[in-house]
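If you want the building blocks of each chain, they are given just below.
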2 protein chains.
Amino acid sequence: MNYGMIFYILGMASGFEALFLLLPILVSLIYGESVLSSYLISCGICALFCGVSTLRKPKKITLYTKEGLVAVALVWIWFSVFGAVPFMLTGEIPNFFDAFFEVSSGFTTTGASILTNVEALSRASLFWRSFTHWVGGMGILVFILAFIPNKGNGTIVHLMKAESPGPNVSKLVPKIRYTAAILYAIYFGMTLIQIILLLISKMPLFDTLCITFGTAGTGGFSIKSDGCAGYTMLQQGIITTFMILFGVNFTFYFCILKKKIKQVSSMTEVWAYLAIIAASILAITFNISGGFSSLFQAFHHAAFQVGSIITTTGFSTVDFNQWPGFSRTILVTLMFVGACAGSTGGGIKVSRILLLLKGIGREISLALHPRSVKRVRMEGRTVETEVIRSVNAYLALYMIIFVASVLIVSLDEKDLVTNFTAVAATLNNVGPGLGLVGPAGNFSGFSNLSKLVLSFDMLAGRLELIPMLMIFVPSVWSVKRKKK
Amino acid sequence: MNYGMIFYILGMASGFEALFLLLPILVSLIYGESVLSSYLISCGICALFCGVSTLRKPKKITLYTKEGLVAVALVWIWFSVFGAVPFMLTGEIPNFFDAFFEVSSGFTTTGASILTNVEALSRASLFWRSFTHWVGGMGILVFILAFIPNKGNGTIVHLMKAESPGPNVSKLVPKIRYTAAILYAIYFGMTLIQIILLLISKMPLFDTLCITFGTAGTGGFSIKSDGCAGYTMLQQGIITTFMILFGVNFTFYFCILKKKIKQVSSMTEVWAYLAIIAASILAITFNISGGFSSLFQAFHHAAFQVGSIITTTGFSTVDFNQWPGFSRTILVTLMFVGACAGSTGGGIKVSRILLLLKGIGREISLALHPRSVKRVRMEGRTVETEVIRSVNAYLALYMIIFVASVLIVSLDEKDLVTNFTAVAATLNNVGPGLGLVGPAGNFSGFSNLSKLVLSFDMLAGRLELIPMLMIFVPSVWSVKRKKK
Ligand SMILES: [K+]
Ligand SMILES: [K+]
């Protein structure tokens, strides 16, 4: 393990966190809040650590694959630990496990909360909480990587691969820095448009910023106890639209900008994603219509909740925990499906589901015609066997982490629906589940052990499982680096 | 589609069902029950259909793979339809969907029941219900195949492959008839030993036969409203032991009989199966110990329930729906794990779980050392890539059937735990679930649509998914057979 380089990267990460913390400092200055000192101290700690650990540049800057994976996991844990400091200092979330849960929930864009009364928080803390979504949505490492000295692109590719969500079948352009720049321009641009639209709809500026951060990162922390229920239909409609837009593979927008119409029409994942959304909204609208004054009302709330859950945002306008079982089952299914690869959303991802289906199709076809050769094709290309194999292994690993988590969490003796959906909502980075962790509930009732496991699940879900597991592989931590 | 041959096979199946129906006829004669006439008529219908459809031998006796798969599915559906006739004639289960559910639950060795008061049934019907488990456990087709005219072994191999549970890594002996004979000798022998032991423990003969049929087939229909709670500790202990024994891959016993010690010790699946049982019993014993008068009592009931659930038998001595969440979660997990391949048990099967784990291990190892070549080994052999791939496709297909079933069943507006475990209990051929379908409940509350879906799941689970899906492939039904 190249400890020198890892230490250096963690230092850089702290430096960025110090910069990010300037924003809540600004907010507390504007609102004249007493939490200012806590945020100043937190910012200072981050800056100090950054200074110490980046004093010397490491001798070797290359990282092996496994070191890269561990580095990614450590950076995200590090960010969450340092991000939790202000909450503990202000006394708003005194317990470390709670604060760590809340902040990793922020950075992983999960949006699951242990707060029983979110409106009691200071403006600075509300802002910080929502801002972590926006940072987490675009990925932490990209910033760090831009400032790391490197000659080849080897290290960067390893790290970016580990952080980027989903099996990206198509590649934009070979140059990775250029690709990243385009994707982040799209991210910034769409964020800006949403801010402008919400301001036009007369949402207060503070709400607009926090809600937009939560939408863009598909995070879902809300700054009101009733979630998004208090906003107007128009504002909710804008949020619905942007949630769905941020769940689309960003390559789609890139192709639209470049007017690559043929490529746009062949992006099966995006069309499947939109088809699933349409079908789910339709089914739920009719299932819940009895509880609303008009069919349009039912449609409006069905669309918001479906958009929120499939993109793993987790905002809510109604307590869907009270909905009929059929609608709740659809929503739980959507939690697992998740958004498109290459978006800010979580879950298993639509592209993986499509690849799984195609894999099944091939298997059945082989059962019928044992001697035929069948290739799996997607988006106009032949999918390599390795991709299918790794998608299958991903699913299996996912299920094992899922079951293990449910088993540990069930030691708390909550009901089974709460346990099951708490793990589903954290591992898929959704936020709210059903039962005690439904939209009207929160995660405060769990033990510290469960909170730690659920925090692990959030990080594992955001980093696509493998990096977080590397932490438990002893050989990764050996000081001596084997020559291969 | 070779309709002639399929029709012939269905005729043979009816003939065997007529023979099997002689047993409940005998029971009703012994107890002087009025249901005798209903069973005589049912038997007559089966015999008549058999006579008509086997009058002429079909011209072509070969079946293509897909025809073989459909034939298997149809035989099992056929068996369940004809097996349901006596229940409708006696008026004990007048609704067709109920009767079909109950009998397919019997033949698939699921043991899920729609009966609210099982003790109201006639002796003949109780016997028939339990006997279907024993028939289903050994497989219906084997008998039919022994009587089908054939020169090559092609047809037989197709059909047996479709009916035999689990990915059987090791093959016993090349000759398939000889293999089958040995496995069924073991099945008969173990059944006989359990009958003798239960009789020695002073269980009444009728109970002994019904319970043993349910144990051997890992079925789990009970003939008392309180399940197995009324039997003595010794009798429950005997049942526990035999449930676990019938969940072992029968090849294991074959190797023991042949004194192939080396092969016995290398059967990873069996040892993993026993280890999972031991760990689960231990965990549950401590979790439930507070509710029992002694640790031994807790151990006794933990062992019974664990043995019953992992082998997918489904007998119960206590209402485990009342147990703490941790224990219930373990039991639900065991439902999915299931027993060994090559046993009479259902579920995903321990060998598939092991192959999934090994697949994950290889994927992680490849992530760490991208250039290494890694082969998956199990039980001393290299596992072919195709086996891993088909196990992965199996899991994916399993999950899709699972989700689709839960969605349809959730239209009935039961609670989520009931819906989830109802599907888990039927698709894995377990029998009881949690909530309304717990050991103290039953499946009577579901709509006809849900009962049909759950019946489909039982058949799909017993036949390892693919055959039942073939029914929905239109090209399979085309009259014209393509030359390949
Ligand atoms: K979220
Ligand atoms: K069973």
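Residues numbered from 1 in each chain as written. Chains lettered and ligands numbered in written order. Predicted model: local features only at pLDDT ≥ 70, side-chain atom pairs only at ≥ 80, totals over all residues. Heavy atoms only, no water.

(A) Spatial organisation of the overall build of chain A. Of regular secondary structure, chain A possesses 20 helices and two strands. Taking contacts inside chain A between residues at least 6 apart in sequence as the whole, the part at least 24 apart equals 72%. Within the structure as shown, chain A displays about 18,600 Å² of accessible surface, and the carbon and sulfur contribution to it stands at 68%. (Helix = DSSP H or I, 4+ residues; strand = E, 2+ residues; numbered from the N terminus. Contact = heavy atoms within 4.5 Å. Areas by Shrake-Rupley, 256 points an atom, 1.4 Å probe, with all protein chains shown as cover.)

(B) Layout of the environment of A:Ser201. Residues and elements named next belong to chain A. Mapped onto the elements of the fold, Ser201 is located in the loop between helix 8 (176-200) and helix 9 (205-216). In sequence terms Ser201 and Thr232 are 31 residues apart; their C-alpha atoms lie 8.6 Å from each other. Dropping the residues within four chain positions of it, Ser201 is found in contact with Leu234, Gln235 and Ile238.

(C) Geometry of the coordination of the potassium ion (ligand 1). Residue and element names in this part refer to chain A. Those donors, Thr109 (O), Thr110 (O), Thr218 (O), Gly219 (O), Thr312 (O), Thr313 (O), Asn429 (O) and Val430 (O), are the protein atoms that reach the potassium ion (ligand 1), and they lie 2.2 to 2.8 Å from it. When the donors of the potassium ion (ligand 1) are listed by position in the chain, the intervening gaps give T-T-x107-T-G-x92-T-T-x115-N-V. Of this pair, Thr110 sits in the loop between helix 4 (96-107) and helix 5 (123-138) while Asn429 sits in the loop between helix 18 (416-427) and helix 19 (448-462), placing them 319 residues apart in sequence. The class of Thr110 is buried, set by a relative accessible area of 0%. For Asn429, a relative accessible area of 1% puts it in the buried group. (Donors = N, O, S within 2.8 Å, 3.2 Å for Na, K, Ca; no water. Buried < 20%, exposed > 50% of the residue type's maximum accessible area, 1.4 Å probe, protein only.)

(D) Focus on unusual backbone geometry. Residues and elements named next belong to chain A. Non-glycine residue Glu413 carries a positive phi angle of around 60°. Within the secondary structure, Glu413 is located in the loop between helix 17 (385-409) and helix 18. The residue Leu465 is not glycine, and still its phi comes out positive at about 70°.

(E) Summary view of the interface of chain A and chain B. Each side of the interface is counted separately: chain A has 46 residues, and chain B has 46 residues. Of the roughly 4,000 Å² buried where chain A meets chain B, counting both sides, 75% is carbon and sulfur surface. The largest contributions to the chain A side of the interface with chain B come from A:Leu368, A:Arg389 and A:Leu416, which together make up 15% of the buried area. Counting only elements with at least two residues in the side of chain A that touches chain B, the list comes to helix 3 (65-90), helix 15 (325-337), helix 16 (350-368), helix 17, helix 18 and helix 20 (466-470) of chain A. (Buried area = accessible area lost by both parts, 1.4 Å probe.)

(F) Spotlight on the packing of helix 2 (residues 36-53) of chain A against helix 3 of chain A. All names here are of chain A. Two elements in contact, helix 2 and helix 3, have axes whose closest approach is 8 Å; the angle formed by their N-to-C orientations is 150°. When the interaxial angle is binned, helix 2 and helix 3 end up roughly antiparallel. For the pair helix 2 and helix 3, the crossing hand works out as right-handed. Listed contacts from helix 3 to Ser38, Tyr39, Ile41, Ser42, Ile45, Cys46 and Phe49 of helix 2 are Trp78, Phe82, Val85, Pro86, Phe87, Leu89 and Thr90. Here the residues of the contact of helix 2 with helix 3 sort into 11 nonpolar, three polar and no charged. (Axes fitted to C-alpha atoms, helices over the stretch in contact; angles between N-to-C directions. Parallel < 35°, antiparallel > 145°, perpendicular 65-115°, else oblique. Left-handed = near helix turned anticlockwise from the far one by under 90°. Nonpolar A, V, L, I, M, F, W, Y, C, P; charged D, E, K, R; others polar.)

(G) Quick peek at the environment of A:Asp412. All names here are of chain A. With respect to the element layout, Asp412 can be found in the loop between helix 17 and helix 18. Counting along the chain gives 33 residues from Asp412 to Gly445, while the straight-line C-alpha distance between them is 8.9 Å. Contact partners of Asp412, with chain neighbours within four places excluded, come to Phe446, Ser447 and Ser450. A polar contact is formed between the side chain of Asp412 and the side chain of Ser450, at a distance of 2.7 Å. (Polar contact = N/O pair within 3.5 Å; in protein donor to acceptor, adjacent residues only side chain to side chain.)

(H) A look at the coordination of the potassium ion (ligand 2). Residue and element names in this part refer to chain B. Surrounding the potassium ion (ligand 2) are the protein donor atoms Thr109 (O), Thr110 (O), Thr218 (O), Gly219 (O), Thr312 (O), Thr313 (O), Asn429 (O) and Val430 (O), which sit 2.2 to 2.8 Å from the metal. Of note, the potassium ion (ligand 2) draws all its donor residues from one chain, in the sequence arrangement T-T-x107-T-G-x92-T-T-x115-N-V. One exposure class covers both Thr109 and Thr110, and it is buried.

(I) Examining a nonpolar patch on the surface more closely. All names here are of chain A. Together, Leu23, Leu26, Leu29, Ile30 and Tyr31 give the surface a local cluster of nonpolar side chains, amounting to about 490 Å² of exposed area. Its location among the elements puts Ile30 in helix 1 (residues 3-30). Overall, Ile30 belongs to the exposed group, its relative accessible area being 63%. (Patch = residues over 30% accessible without salt bridge, like charges linked within 9 Å, V, L, I, M, F, W, Y side chains within 5 Å. Salt bridge = Lys/Arg side-chain N within 4 Å of Asp/Glu carboxyl O.)

(J) Main features of the pattern of salt bridges. A full pass over the atoms with the stated rule returns 10 salt bridges over all chains. For A:Lys451, the salt bridge identified is with A:Asp98, shortest N-O distance 2.6 Å. Linking A:Lys451 in helix 19 with A:Asp98 in helix 4, this pair joins segments that are 353 residues apart in sequence. Judged by relative accessible area, A:Lys451 falls into the buried class, the value being 5%. Close ionic contact of B:Arg129 with B:Glu102 constitutes a salt bridge, the shortest N to O distance being 2.4 Å.

(K) Structural context of the side chain of A:Thr329. Tracing the sequence through the fold places A:Thr329 in helix 15. In contact with A:Thr329, not counting residues within four places along its chain, are B:Val406, B:Leu407, B:Ser410 and B:Leu416.

(L) Spotlight on the packing of aromatic side chains. Residue and element names in this part refer to chain A. Throughout the structure, instances matching the rule amount to 75 aromatic pairs over all chains. A centroid spacing of 5.4 Å and a plane angle of 40° characterise the contact between Phe101 and Phe443, whose relative ring orientation is tilted. Of this pair, Phe101 sits in helix 4 while Phe443 sits in the loop between helix 18 and helix 19, and the two are 342 residues apart along the sequence. Note on Phe252 and Trp271: the rings are 5.7 Å apart at their centroids and 80° apart in plane angle, and the pair reads as edge-to-face. (Phe/Tyr/Trp six-rings, centres within 6.5 Å; stacked < 30°, edge-to-face > 60°.)

(M) Spatial organisation of the relation of the copies chain A and chain B. Expressed as a screw transformation, the operator carrying chain A onto chain B has a rotation angle of 180° and an axial translation of 0.0 Å, and the superposed copies differ by an RMSD of 0.0 Å. Here the symmetry operator amounts to a two-fold rotation axis. Closest to the rotation axis within chain A is the C-alpha of A:Asn392, separated from it by 2.9 Å. Of the interface residues in chain A, 100% have counterparts in chain B that sit at the interface too, so the contact is made through matching surfaces. (Least-squares fit on C-alpha atoms with pLDDT ≥ 70 in both.)

(N) Highlighting helix 19 (residues 448-462) of chain B. Residue and element names in this part refer to chain B. Over its 15 residues, helix 19 extends 21 Å from the first C-alpha to the last, a length consistent with the 21 Å expected when each residue adds 1.5 Å. The element helix 19 is extensively covered by neighbouring structure, given that 12 of its 15 residues are classed as buried. What helix 19 keeps buried is the set Ser450, Lys451, Val453, Leu454, Ser455, Phe456, Asp457, Met458, Leu459, Ala460, Gly461 and Arg462. At the C-terminal side of helix 19, Glu464 shows a positive phi close to 60°. (Expected span 1.5 Å × (residues − 1).)

(O) The state of the cysteines, seen in detail. Residues and elements named next belong to chain B. In the structure shown here, the tally under the stated rule is zero disulfides over all chains. Distance from the sulfur of Cys43, which forms no disulfide, to the nearest cysteine sulfur (Cys46) is 6.8 Å. Exposure remark for Cys43: the relative accessible area of 11% places this residue in the buried category. (Disulfide = S-S within 2.5 Å.)

(P) The side chain of B:Thr110, seen in detail. Residues and elements named next belong to chain B. At 2.7 Å, the side chain of Thr110 forms a polar contact with the side chain of Thr108. Engagement of the side chain of Thr110 in a polar contact is seen with the side chain of Asn429, the distance being 2.9 Å. Discounting chain neighbours no more than four positions away, the residues touching Thr110 are Ser105, His133, Gly219, Thr313, Ala425, Thr426, Asn429, Val430, Gly431 and Met458.

(Q) Fine view of the confidence of the model for chain A. Residues and elements named next belong to chain A. In this model, chain A carries a mean pLDDT of 85, and residues with pLDDT of at least 70 account for 90%. Per-element confidence in chain A ranges from a low mean pLDDT of 57 for helix 7 (residues 154-163) to a high of 95 for helix 10 (residues 233-246). In this model, residues 168-174 is a region of pLDDT below 50 whose contacts with residues beyond four sequence positions or in other chains number 12 contacts. (pLDDT = per-residue confidence, 0-100.)

(R) Up close: the packing of helix 9 of chain A against helix 10 of chain A. All names here are of chain A. Close contact between helix 9 and helix 10 brings their axes to 8 Å; oriented N to C, the two are set at 35°. Contact residues: helix 9 offers Ile211, Thr215 and Ala216, while helix 10 offers Ile239, Phe242, Met243 and Phe246. Classifying every residue of the contact of helix 9 with helix 10 gives six nonpolar, one polar and no charged.

(S) Up close: the environment of B:Gly136. Residue and element names in this part refer to chain B. Relative to the helices and strands, Gly136 resides in helix 5 (residues 123-138). Residues Gly136 and Gly219, spaced 83 residues apart in sequence, show a C-alpha to C-alpha distance of 8.6 Å. With residues near it in sequence (within four places) discarded, Gly136 still touches Trp76, Phe107, Thr109 and Arg462.

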